[in-house]
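Spelled out, the chains give:
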Amino acid sequence: MKSAVETLNPTRVRLTVEVPFEELKDSLDAAYKKINQQVSVPGFRKGKIPARLIDQRFGRGAVLEEAVNDALPKLYQSAVDEGELNVLGQPEVDITELKDNELLAFTAEVDVRPQIEIPDYSGIEAEVDAVEVSDEDVDKAVEQLRERFASTSVVERAAGDGDVVKVDLEAKIDGEVLEDGVAQGVDYTIGSGELLDGIDEAVTGLEAGGSATFASELKGGSGAGREAEVSVTVESVSARELPELDDEFAQMASEFDTLEELREDSRKRLADQKKYEQATQAQEKVLDALLELTEVPVPEKLLADEIESRKHNLVNHQLGQLGLDLGSYLKMQDKSEEEFDAELKEQAEKGIRTQFVLDELVSKEKLNVSQEELTEHLMRRAQSSGMSPDQFAQAVVEGGQVPVLVGEVARGKALATVVEAVTVKDTNGEVVDLSDEDGEDGEDGTEAAAETAEAAAEGDEKSGAEKTEG
């Protein structure tokens, strides 16, 4: 076999391959064997029909077509290996010559990873929010904990802010009750904003048995994105009673004996959370600065496939589960389809560029992933997926996705390497050391960086650069 590589642009090549016919012998034998099992000829047992008779009865062309289809993937891969190409996606193959008993020639155009020159990034500077926990922050955290331990009791009075009302709802559009527009016995806390716009005003002042009607844009279901006339009837009104903020509350709500100990623990937890958010903010800003410094050509077909993949996932999975279509979603977001497409393209392009740059850094810095790092990452991914670690690990192995997880961790290590080498200051002008930063729930800087890198590279699904590589 003879092959040559022509560079069409920084992200696409054309392979020209010529194969002497003797190198197709194994594929020709396999073609005759396959056809033998599929056809019948009187006087011959299945599988025992001579090759010359198959040529006469079914045509040599059918045999050649089967043989070429069998041989092409192997021949293409050999040409890729010979050219030391890092290909992306599937090739566009064109058979240019097929001479029986002489020669097979074909071309294959395919996207390749571009050659990327990582610039000196040590001069990058990023500013992040300072880690500051005020008394008001602690008050708010303790109050949220107090809310969780609130009790309710039915009262015989009009509903007011903070009360819990049990309501029946009915939604109509153009005078017709929606098939999925009726709900009964729904508990709602007035002022929480967790139901429909306008319901707070409608139920405030109503006693049990009272009704009201209000207009509201539906957020889901068959009428999502459309304005409906909603009737609400209050079944009952309950007042929420909060426990006293004292040592007894601290003992009930935590492992601490005093309210002061509980407040100090809340302060520490808030500080840890803000440190983690600070580290994530630094990683995002440093990554953006690195991408801005680095020239990264993006393959057009890969970008188009990635855009289509993200759009399909949004429309058919995320919005579909909410009972929304794209038109309703755009209306709720107050965006035109052109604005949506532009944003989607920008996100997809950033995702591909992020993977290319971080993968190049992994190679340049010779970064490896340990079993411990992979296990920690797998545990986090299992937790976010709602599966047990064993179930998730089994799914990963059966789906051949172990290299994907290894790549995620490696890219996280690459980003962490860059963050450690640059200057990060907080809004007070103080230098922030993120080299050994522990994140919330014990996640270290590398795992946090892996999460940041994933968020930038993935969008809602794996980037096409990873899904179709090789």
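Reading the values: the criteria
Residues numbered from 1 in each chain as written. Predicted model: local features only at pLDDT ≥ 70, side-chain atom pairs only at ≥ 80, totals over all residues. Heavy atoms only, no water. UniProt positions renumbered as here; feature names shortened; annotations may be inferred. Phe/Tyr/Trp six-rings, centres within 6.5 Å; stacked < 30°, edge-to-face > 60°. Helix = DSSP H or I, 4+ residues; strand = E, 2+ residues; numbered from the N terminus. Buried < 20%, exposed > 50% of the residue type's maximum accessible area, 1.4 Å probe, protein only. Patch = residues over 30% accessible without salt bridge, like charges linked within 9 Å, V, L, I, M, F, W, Y side chains within 5 Å. Areas by Shrake-Rupley, 256 points an atom, 1.4 Å probe, with all protein chains shown as cover. Salt bridge = Lys/Arg side-chain N within 4 Å of Asp/Glu carboxyl O. Lys, Arg positive; Asp, Glu negative; His and termini not counted. Charge placed at Lys NZ, Arg CZ, Asp CG, Glu CD. Core = buried A, V, L, I, M, F, W, Y, C linked by side-chain atoms within 4.5 Å. Contact = heavy atoms within 4.5 Å.

The name an unreviewed UniProt entry gives the protein is Trigger factor, with Streptomyces tubbatahanensis as the organism. Quoted straight from UniProt, the Subcellular location (unreviewed entry) entry for the protein says "Cytoplasm". Within the UniProt record for the protein, the comment given under Sequence similarities (unreviewed entry) is "Belongs to the FKBP-type PPIase family. Tig subfamily."

Considering all chains together, one arrives at two aromatic pairs under this definition. With a centroid separation of 6.2 Å and 90 degrees between ring planes, the pair formed by Phe-149 and Phe-249 is classed as edge-to-face. Pair noted here: Phe-149 is in the loop between α4 (135-148) and β6 (151-154) and Phe-249 is in helix α6 (residues 247-253), with a separation of 100 residues, a long-range link. Between Tyr-329 and Phe-340, the aromatic rings sit 6.4 Å apart at their centres with planes inclined by 80 degrees, giving edge-to-face as the arrangement. Taken together, the residues Tyr-329 in helix α9 (residues 326-333) and Phe-340 in helix α10 (residues 337-364) connect sequence positions eleven residues apart. When sorted by exposure, Tyr-329 lands in the same class as Phe-340, which is buried.

Turning to a negative patch on the surface, a few remarks are in order. Negative charge collects at one region of the surface, where Asp-197, Glu-201, Glu-217 and Glu-227 lie side by side. Along the chain, the position of Glu-201 falls in helix α5 (residues 199-203). By relative accessible area, which is 61% here, Glu-201 ends up exposed.

The next subject is the pattern of salt bridges. Taken as a whole and judged by the stated rule, the model has 31 salt bridges. With a shortest N-O distance of 2.8 Å, Asp-139 and Arg-263 are connected by a salt bridge. A residue pair is termed long-range when its members are at least 10 positions apart, and Asp-139 in helix α4 and Arg-263 in helix α7 (residues 259-293) qualify at 124 residues. Classification of Asp-139 by relative accessible area gives partly exposed; the value is 38%. Asp-341 is the salt-bridge partner of Lys-311, the closest N and O atoms lying 3.6 Å from each other. In this pair, Lys-311 sits in helix α8 (residues 300-321) while Asp-341 sits in helix α10, placing the two residues 30 residues apart along the sequence. Given a relative accessible area of 21%, Lys-311 falls into the partly exposed group. Taken together, the salt bridges that share partners define one network made up of Glu-6, Arg-12, Arg-14, Glu-92, Glu-109 and Asp-111.

Of all hydrophobic cores here, the largest spans 38 residues; its most connected members are Tyr-121 and Leu-361. Contributing elements (two or more residues each) for this core: β5 (125-128), α7, α8, α10, α13 (402-421) and α14 (445-458). Sorting elements by how many residues they give to this core places α10 first, with seven residues. In this view, Leu-361 contacts Ile-118, Tyr-121, Leu-290, Lys-366, Leu-367, Ala-414 and Val-418; residues no more than four positions away in its chain are not counted. Ranked by size, the runner-up nonpolar core spans 29 residues in total, among them Leu-28, Tyr-32, Leu-72 and Ala-79.

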